Amino acid sequence: MSITSRYEVDHSSSLAKRFAGLATSYMDDPGAAKNPDAQVPLENLFRILEMYRYDAFEDEERSGVLALEGFDSPLPIVHTEQSPWHTPILNALEKARRVVFPAETKDEVVQRLEEGLRQLSRNGRIADPLAAHVRGFFTSFATSI
Amino acid sequence: MAVAQEFLLQECKNLRDLLNKTLRYKYESADSRIFYGECSARLASLEKAIGNAADLAALGQEVIYLNELANLICRLERSSISEHSWPFVHELKRIASAICTEDTLAGANTPNQIYVLADGGLDTYRIHPESRRPAYTQKRLLTIVFPKSLKHFVLLHSILGHELGHAIWRCSKHKREMRDQVEKHIKEGVFASPDATATHIYSSVAPLNEKGFLKACPASMKQGNLFPNYANWEAWCEEILCDLVGLVIFGPSFVASECELLTSMNPSMTGFGPGHPPTAWRLNYLLDGAKILGYDARPPDAHPLRADIDTFWAHLETFRSTDPWYSVFTGNQLQRALSGMKTLLSRYPPTEYLVPTFDRLQHLVPMLKRQIPPVGFGIANDGSRTRENVDFRHILFSGWITKTSQPAMPVDIINKLCEQAIMQQIAINIAESA
């Protein structure tokens, strides 16, 4: 038996906020942006944008194709959750999009932000005028999440 | 704060030592480098986060990820390359790498990094994609789990087509298309709603054995609370789609492996599970789906394989439950759903199963019957050697045909010959491309 236990809490929102803050800080520090450990926050932001693009946030676990299952659990198998893990992230993405890219479609916004992240990861900087938009988006995202 | 932080930073150093001592051997060298690089990136990022943690709450969050990383490194260290069928894995990886992809910083269609594990018995078949939630990860790992006890039983490994379905479902870029298939084609009739499915399950015309199953379930389980209290209807819908994906990826071998494995886990074929629809429903729609896709095509009467192919499909039909209650989809529904899946999978070759010619099967099956690994190699009438690229799924199909044909051959021998054939075919393909 484990020496301790605790309720699992989802940390997705706080990590997303932290990663967005790091991404904006990398824009002022090209050396840090190209550092291998910077790829982790940048890749996470890219992955969030892909989930946003395809409405693909749901991620329920499924058991294996032959997993033995029974109904002997005393608790209902589906528990009531306050809200899905991604609600704060999705709301913050929508808000940042309204603020920074009010006239563009979701696909266009995602493509531009992804291009910005790729430039940052590869070159340590983002070309203007995209840089201002990327900075504005992730600043707004980090503030509102 | 300082004590906890210091302790966790020391643990980061310990993990780096562990990482440097591990992943040294037993992987293909390219894989080893990638796993090492990924773990190093995760560790460096975590170490920085721990060093910069603003408060105890932040530190408490990082310790969870640190533990997960330690577990991952230890799991990767236990290479099980000698415990699973690596020729089958080689081919499965080709499919998974083609379709289980994401757009990433590195570019479009970046494949997930695959890790293979052998563990446990029959019920361990699994493909586990790493979560897409924010975490200290760069590459996404895809862990494929084989039953350790079935190392050489490559014919049964076709069932991993179903698990590939779940992995594809969890790729952001495919999710919308997969979900659309379920919404447009699966959610009709018996699956129009959770209520409609529960009504069918509790129908007065349900077979007696199914009524008996319901009686044996907890007394509190009723038609009105089956979904969501005792079973997950959305999970059932996903499982159905994944069965259809498995069919489109592995063809007849997938139907045969589901028939054998599902009925070995549930010999009476009665009932259902919280996350899976009734076994007998699944086998019925798979048998129907195979017909719709033309997988059950027969050669002309005079063809030497006609009797063997007839016997194979007749054997699979013995797994069909004939009561109409077990047929939950119309032919039209299945046709549309399968067509949607083929459209998606055909965009990522070699994912889609392509029906072999009867000449191809006539080349493979007799070889197997002579206990020769069935590969794309032969000696022509003029004595010259012929080499052909044979899809490993056609080798598996020839194995299933041989399994039900006469004279009977031991099933472990058939599996080993097919496994050797897959390995030899890889070598032939390398020689052909050189």
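Residues numbered from 1 in each chain as written. Chains lettered and ligands numbered in written order. Predicted model: local features only at pLDDT ≥ 70, side-chain atom pairs only at ≥ 80, totals over all residues. Heavy atoms only, no water.

1. Some words on the overall build of chain B
Move 1: Along its length, chain B carries 17 helices and seven strands.
Move 2: Projected onto the principal axes, the alpha-carbon positions of chain B cover approximately 80 × 70 × 35 Å.
Move 3: A separation of at least 24 residues holds for 78% of the contacts in chain B among residues at least 6 apart in sequence.
Move 4: Working note: accessible area of chain B is about 17400 Å², and carbon and sulfur atoms make up 55% of it.
Move 5: Of note, chain B has its 45 positive side-chain charges centred 2 Å away from the centre of its 46 negative side-chain charges. (Helix = DSSP H or I, 4+ residues; strand = E, 2+ residues; numbered from the N terminus. Contact = heavy atoms within 4.5 Å. Areas by Shrake-Rupley, 256 points an atom, 1.4 Å probe, with all protein chains shown as cover. Lys, Arg positive; Asp, Glu negative; His and termini not counted. Charge placed at Lys NZ, Arg CZ, Asp CG, Glu CD.)

2. Focus on the nonpolar core
Move 1: B:Phe88, B:Tyr125 and B:Phe191 are the most contacted members of the largest nonpolar core, which has 110 residues in total.
Move 2: Among the elements that line this core, the one with the most residues is helix α10 (residues 233-250) of chain B, at 11 residues.
Move 3: Non-local contacts of B:Phe88, meaning those with residues more than four positions away in its chain, are made with B:Phe146, B:Val154, B:His157, B:Ser158, B:Leu160, B:Phe250, B:Phe392, B:Leu396 and B:Ile422.
Move 4: Within the second largest apolar cluster, 66 residues are counted, among which are A:Leu130, B:Leu15, B:Leu43 and B:Val145. (Core = buried A, V, L, I, M, F, W, Y, C linked by side-chain atoms within 4.5 Å. Buried < 20%, exposed > 50% of the residue type's maximum accessible area, 1.4 Å probe, protein only.)

3. Structural notes on the domain arrangement of chain B
Residue and element names in this part refer to chain B.
Move 1: Here chain B is partitioned into domain 1 (2-154), domain 2 (175-345) and domain 3 (358-433).
Move 2: With 11 residues of domain 1 at the interface, the matching set in domain 3 holds 12 residues.
Move 3: It is Glu91, His152 and Val154 that lose the most area in domain 1 upon contact with domain 3, and together they represent 44% of the buried surface on that side.
Move 4: If you look at where domain 1 meets domain 3, you find zero salt bridges.
Move 5: Applying the counting rule to domain 1 against domain 3 returns three residue pairs in polar contact (both at pLDDT 80 or more).
Move 6: Looking at the side of domain 1 that touches domain 3, its residues break down into six nonpolar, three polar and two charged. (Domains from an automatic or database assignment. Buried area = accessible area lost by both parts, 1.4 Å probe. Salt bridge = Lys/Arg side-chain N within 4 Å of Asp/Glu carboxyl O. Polar contact = N/O pair within 3.5 Å; in protein donor to acceptor, adjacent residues only side chain to side chain. Nonpolar A, V, L, I, M, F, W, Y, C, P; charged D, E, K, R; others polar.)

4. Brief notes about a nonpolar patch on the surface
Move 1: A cluster of nonpolar side chains, contributed by B:Ile81, B:Trp86 and B:Met423, occupies part of the molecular surface with about 260 Å² of accessible area.
Move 2: With respect to the element layout, B:Ile81 can be found in the loop between α3 (56-77) and α4 (86-99). (Patch = residues over 30% accessible without salt bridge, like charges linked within 9 Å, V, L, I, M, F, W, Y side chains within 5 Å.)

5. Section: the interface of chain A and chain B
Move 1: Of the residues lining the interface, 48 residues belong to chain A; the matching set on chain B comes to 66 residues.
Move 2: Summed over both sides, the interface between chain A and chain B buries roughly 5000 Å², with carbon and sulfur atoms accounting for 54% of that surface.
Move 3: At the junction of chain A with chain B, the criterion picks out seven salt bridges.
Move 4: Residue A:Glu58 is joined to B:Arg179 by a salt bridge in which the shortest nitrogen-to-oxygen separation is 3.4 Å.
Move 5: Where chain A meets chain B, there are 21 residue pairs in polar contact (both at pLDDT 80 or more).
Move 6: Elements with a minimum of two residues in the side of chain A that touches chain B: α1 (12-26), α3 (39-53) and α5 (106-123) of chain A.
Move 7: The element best represented in the side of chain A that touches chain B is α3(A), accounting for 12 residues.
Move 8: The class makeup of the residues in the side of chain A that touches chain B is 23 nonpolar, nine polar and 16 charged.

6. So, unusual backbone geometry
Excluding glycine, most residues fall at negative phi; most peptide bonds, likewise, are trans.
Move 1: A cis amide bond links A:Asp128 to the next residue, A:Pro129, at an omega of 0°.
Move 2: If you trace the backbone, A:Pro129 turns up in the loop between α5 and α6 (130-144).
Move 3: With an omega dihedral of -5°, the bond running from B:Gln406 to B:Pro407 counts as a cis peptide bond.
Move 4: Relative to the helices and strands, B:Pro407 is located in the loop between α16 (392-404) and α17 (411-433).
Move 5: The phi dihedral of B:Gln371 is positive, around 60°, even though this residue is not glycine.

7. Details of the sheet that holds strand β5 (residues 141-147) of chain B
Residues and elements named next belong to chain B.
Move 1: On the basis of which strands lie adjacent, the open sheet formed by three strands has the order β3-β5-β4 and mixed pairing. Here the strands that pair on one side only, and so sit at the sheet edges, are β3 (113-119) and β4 (126-129). Each adjacent strand pair in this sheet contributes to an overall mean axis angle of 20°, direction not counted. (Pairing = 2+ DSSP bridges. Axes fitted to C-alpha atoms, helices over the stretch in contact; angles between N-to-C directions.)

8. Points about the state of the cysteines
In a disulfide, the sulfur atoms of two cysteines are held together by a covalent bond.
Residue and element names in this part refer to chain B.
Move 1: According to the stated counting rule, one finds zero disulfides over all chains in the structure shown.
Move 2: Distance from the sulfur of Cys74, which forms no disulfide, to the nearest cysteine sulfur (Cys39) is 10 Å.
Move 3: Not engaged in a disulfide, the cysteine Cys100 finds its nearest cysteine sulfur in Cys171; these two sulfurs lie 4.7 Å apart.
Move 4: Of the residues examined, Cys100 reaches a relative accessible area of 0% and is grouped as buried. (Disulfide = S-S within 2.5 Å.)

9. Describing the pairing of strand β2 (residues 107-111) of chain B
In regular strands, side chains alternate between the two faces of the sheet.
All names here are of chain B.
Move 1: Pairing analysis gives three bridges linking strand β1 (residues 101-104) to β2, with the strands arranged antiparallel. Each bridged residue has a counterpart across the sheet, and for Thr101 the counterpart in β2 is Pro111.
Move 2: Between β1 and the antiparallel strand that follows it, β2, lie two residues.

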